[in-house]
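Coordinates in review
Okay, here's what each chain looks like letter by letter:
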Amino acid sequence: MAEGAARTVQVADDDGLRHLEIDNPPVNVLGQALRAALAEAIAAAAADPGVRAVVISARGRSFPAGADITEFGKPPVPPRLPEVCNRIEACPKPVVAAMHGTALGGGLELALAAHYRVGLESLRIGFPEVTLGLVPGAGGTQRMPRIAGAAAALELMQSGQPVPARAAEAMGVIDLVVPDPAPGEEAAAAVRRAAADFARGLLAEGLGPRPTSMRAEGFADPAAYAAAVAAARARPAPSHLPAAARIADCVEAALLLPFEAGLAFERAAFEDLMATEAAQGLRHAFLAERRAARVPELAAASPRRVEVVGIVGGGLMGAGIAAAALTAGLGVVLVERDEAALDKGLARIAEIKERAIEKGRLTSAGFEAEWARLIGTTEMAAMAGVDLAIEAVFEEFEVKAGVFRALDAVLRPGAVLATNTSYLDVDALAAVTGRPADVVGLHFFSPAHVMKLVEVVVGRATAPDAVATGFALARRMGKIAVRSGVTDGFIGNRILSAYRTATDFLLEDGATPYAIDAAMRAFGFPLGPYQVLDLAGLEISWARRKRLAPTRDPAARYVAVGDRLCERGWFGQKAGRGYYRYDRGRTGEEDPEVLALIDAERAAKGIIPRAIAADEIRARALAAMVNEGARLLEEGIALRPSDIDVVMLHGYGFPRWRGGPMRWADHTGLRSLRRDLMTFAAAEPEFWTPAPLLLDLVGNGRSFADLDEAAA
Ligand code: COA
Ligand code: NAD
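Residues numbered from 1 in each chain as written. Chains lettered and ligands numbered in written order. Predicted model: local features only at pLDDT ≥ 70, side-chain atom pairs only at ≥ 80, totals over all residues. Heavy atoms only, no water.

**Focus on helix 17 (residues 464–476)**
Spelled out, the test is: Under the DSSP-based scheme used, a helix requires at least four consecutive residues in state H or I and a strand at least two consecutive residues in state E, with every element numbered from the N terminus. Expected span of a helix, by definition, is 1.5 Å for each gap between consecutive residues, and there is one gap fewer than residues. The cut-offs for exposure are 20% and 50% of the maximum accessible area for each residue type, with area from a 1.4 Å probe on protein chains only; residues under the lower value are buried, those over the upper are exposed, and the others partly exposed.
Taking 1.5 Å of rise per residue, the 13 residues of helix 17 would be expected to cover 18 Å, and the 18 Å separating its terminal C-alpha atoms lies within 8% of that figure. Within helix 17, the full set of buried residues consists of Ala466, Val467, Ala468, Thr469, Gly470, Phe471, Leu473 and Ala474.

Set out below in structure tokens:
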């Protein structure tokens, strides 16, 4: 094989076959340099009389996982991907795509522009563009339905979910599925070899290029095609997420318009959508999730090995964490305080697993294998063998300190000690052990087997490799980890507190809980703040308020409505009453008695209720979140604004398409946010005074986005 090298495409010749190997780690995204190299390499292959066929493959983990999302929203630098795809299709020699890993978005479009496709059995293909608020923009909406028909193409594009190679073969998108290589052999090399054999077979049979734009199998039944488009259009979608509807338009255009016109139609839809708030917010969310993993500790240290996790406390959280750890293939040792509590804890885990089986996410055999990795005990000594222990006992310092002392006595040297505390001081907990460097906070969210967020709380003494271990464990458990410093409530609950303070003030000033909830739902939260309180149980925050009462500033405004409800035993859904009445299941109804109770609180304070519009509710609630976010940044609790966004998206139901509170603030304009805060602060300076960081950004004409890249 003669070898030549380009920066992002490796070129090699093998007896008339030209291999173009894409080489842009880690996932071969189709950035500008790669596109230019590909276009050049295709032109060279087309012109070289010694080349009879071309194989396009990719090195490393995967065939291209898409366009380079970091280039989105910036002025495009040619060649653009549609043009590269067209050049591939126009190649006068057969072009075979050899795919492994995940061929997603632009990667799949590249493959569809090739004349034939070979894929490994473990390959998955998909169009995730819709999850970024976009349509495929490099011919995907035009080429895919020509092969697979409208129904299959629409399902793939509107769901955004990847499908396995065999499903792609059934759609006609893959010509040959080849078995995965034995362990030890590289997937990339195996599929490249299979594709080379396939290409030789084509040449032997005298088969030439087969441009997808000329194919029409997918148009064979125009009535069925039109029906699939109509059905896709009829699927309900909110108006702020127009991508799915535009996908249907594009797939319809594939049938109705000549190929070139269809491409132009698709490009126009792509560009329209790129400018929407949803596309910007969704892109921000995608990049923020990955940026969150860039923390100084991970650059400085490697994670410790974790195969067995110890969990102390099998309550709501402990059981959920155990279930998630078992799913991730880890061994679990669960310690409870007595046999009765242990039985309950194990039953909770079993219940989670049974539901997974019912939903088809777990097989009975899989359950057996997981259960065999679980040890339940009341003996702390059983923790001697674990690599990392998480305490999830009651939220009381002395209880947790007792557990930490007991763990310190039995854990092996080098094991990590983690706490799932929601609010308590991780440094103070670390100080009760003889190994504060091994102590880290791992703040999971409820239900822990479902919620993706974990705040990794870094104490004063926490060793970098203990932090790295927290991140690695979270990733293994399929979670998204965000670094937080030590503070009361870490990132998420600090912002939640500010949010609740703002809405409690509104409640006392004249809004009803129902109007506040409706205003926040209209913004995009799945539930309003009072619905969330009812769901979680009002007693949790009541206990915390009672704990903090002795240190509360007596001059600070305190809204006691929640206390009044708790004093009556109205703890929320479980109790049948909270801010709402639950006479008929989980859908709460407005409760005149709650409104009367709020009125009484107002009267006692001499507050004359005023009419408060939904816009003002949202303005205050969001300004409070962003201002608290700015304080978290000033204090160094959060590394960067986008980390705060990730926490709020994954832990608190902030609408993903808005990108998170800090990105929302940038979008709205920090100047207008400052104006709002100053207006609110005129009446209530102690809560509303703008954070100095915010003033600083406005003064310098900067945004939170400017801070995102700067950190770590
Ligand atoms: N554009 C730019 N960067 C991308 C990217 C893309 N389309 N896809 C992945 N990356 C980057 C990630 O930011 C990350 O960078 P980092 O290591 O500097 O943080 C790196 O590639 C690895 O991605 P990650 O998601 O951490 O790896 P994974 O193995 O968990 O998942 C994928 C791999 C491909 C499944 C996942 O990255 C993915 O879904 N990518 C997006 C695909 C997409 O939406 N494509 C459509 C664009 S048109
Ligand atoms: P829970 O009351 O449901 O469970 C606590 C469990 O700990 C009980 O099963 C109890 O028997 C056990 N336990 C108590 N003392 C023990 C001891 N000494 N040894 C062994 N087991 C002991 O509480 P939860 O909701 O699961 O919360 C646990 C922790 O997780 C708390 O710190 C809480 O703040 C935190 N947290 C809770 C949530 C949530 O939404 N509930 C979310 C994030 C974090």
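**A look at the environment of Arg291**
Considering the arrangement of structural elements, one finds Arg291 in helix 10 (residues 277–291). Classification of Arg291 as buried rests on a relative accessible area of 9%.

**A closer look at helix 9 (residues 259–274)**
Every α-helix carries 3.6 residues per turn, so stepping three or four residues along brings you back to the same face. Threshold: Our arc is simply the arc of the directions from the helix axis toward the C-beta atoms. What makes two residues a contact is simply this: any of their non-hydrogen atoms within 4.5 Å.
Given a rise of 1.5 Å per residue, 16 residues ought to cover 22 Å, and the 22 Å separating the end C-alpha atoms of helix 9 matches this to within 8%. Residues of helix 9 that are buried: Phe259, Gly262, Leu263, Glu266, Arg267, Ala269, Phe270, Leu273 and Met274. In a view along the axis of helix 9, the buried residues occupy a sector of 160°, so they form one face of it. Where helix 9 is buried, its residues meet helix 2 (81–89), helix 3 (106–113), helix 4 (140–159), helix 8 (243–256) and helix 10.

**A look at the domain arrangement of the protein chain**
Spelled out, the test is: The split into domains, and so the bounds of each, comes from an automatic or database assignment of domains. As used here, buried area is the combined drop in accessible area, with a 1.4 Å probe, of two parts when they are placed together. Each reported salt bridge corresponds to a side-chain nitrogen of Lys or Arg within 4 Å of a carboxyl oxygen of Asp or Glu.
In terms of domain boundaries, the protein chain breaks down into domain 1 (3–275), domain 2 (306–484), domain 3 (491–510 + 610–712) and domain 4 (526–608). Computed over C-alpha atoms, the centres of domain 3 and domain 4 are 24 Å apart. Listed as interface residues are 13 residues of domain 3 and, on the opposing side, 18 residues of domain 4. Approximately 1400 Å² of surface area, both sides summed, lies buried where domain 3 meets domain 4, with 51% of it carried by carbon and sulfur atoms. Considering only the surface of domain 3 that becomes buried against domain 4, Arg500, Leu507 and Glu508 emerge as the three largest contributors, covering 50% of it. Taken together, domain 3 and domain 4 are joined by four salt bridges.

**A few points about the pairing of strand 17 (residues 453–458)**
Rules: We call two strands paired when DSSP finds no fewer than two bridges between them.
The buried fraction of strand 17 amounts to six of the six residues, a majority that puts the element mostly inside the structure. By the alternation rule, side chains of strand 17 split into Leu453, Glu455 and Val457 and Val454, Val456 and Val458, which are all buried. Pairing between strand 16 (residues 439–444) and strand 17: four bridges, direction antiparallel. When the sheet's bridge partners are listed, Phe444 is paired in strand 17 with Val454. Bridging between strand 17 and strand 18 (residues 480–485) involves six bridges; their strand directions are parallel. Counted as the bridge partner of Val458 is Gly485 from strand 18.

**Some remarks on the sheet that holds strand 18**
Where we set the bar: To get an axis, fit a line to the C-alpha atoms, keeping to the stretch in contact for a helix; angles then go from 0 to 180 degrees between the N-to-C directions.
Taken in spatial order, the eight strands of this open sheet run 13-12-11-14-15-16-17-18, and their pairing is mixed. In the strand order of this sheet, the two ends are held by strand 13 (374–377) and strand 18, each with one partner. With strand direction ignored, the average angle separating the axes of adjacent strands in the sheet is 25°. As paired elements, strand 11 (residues 308–312) and strand 14 (residues 388–391) share four bridges and run parallel to each other. Residue pairing for strand 14: Gly310 is matched across the bridge by Ala389.

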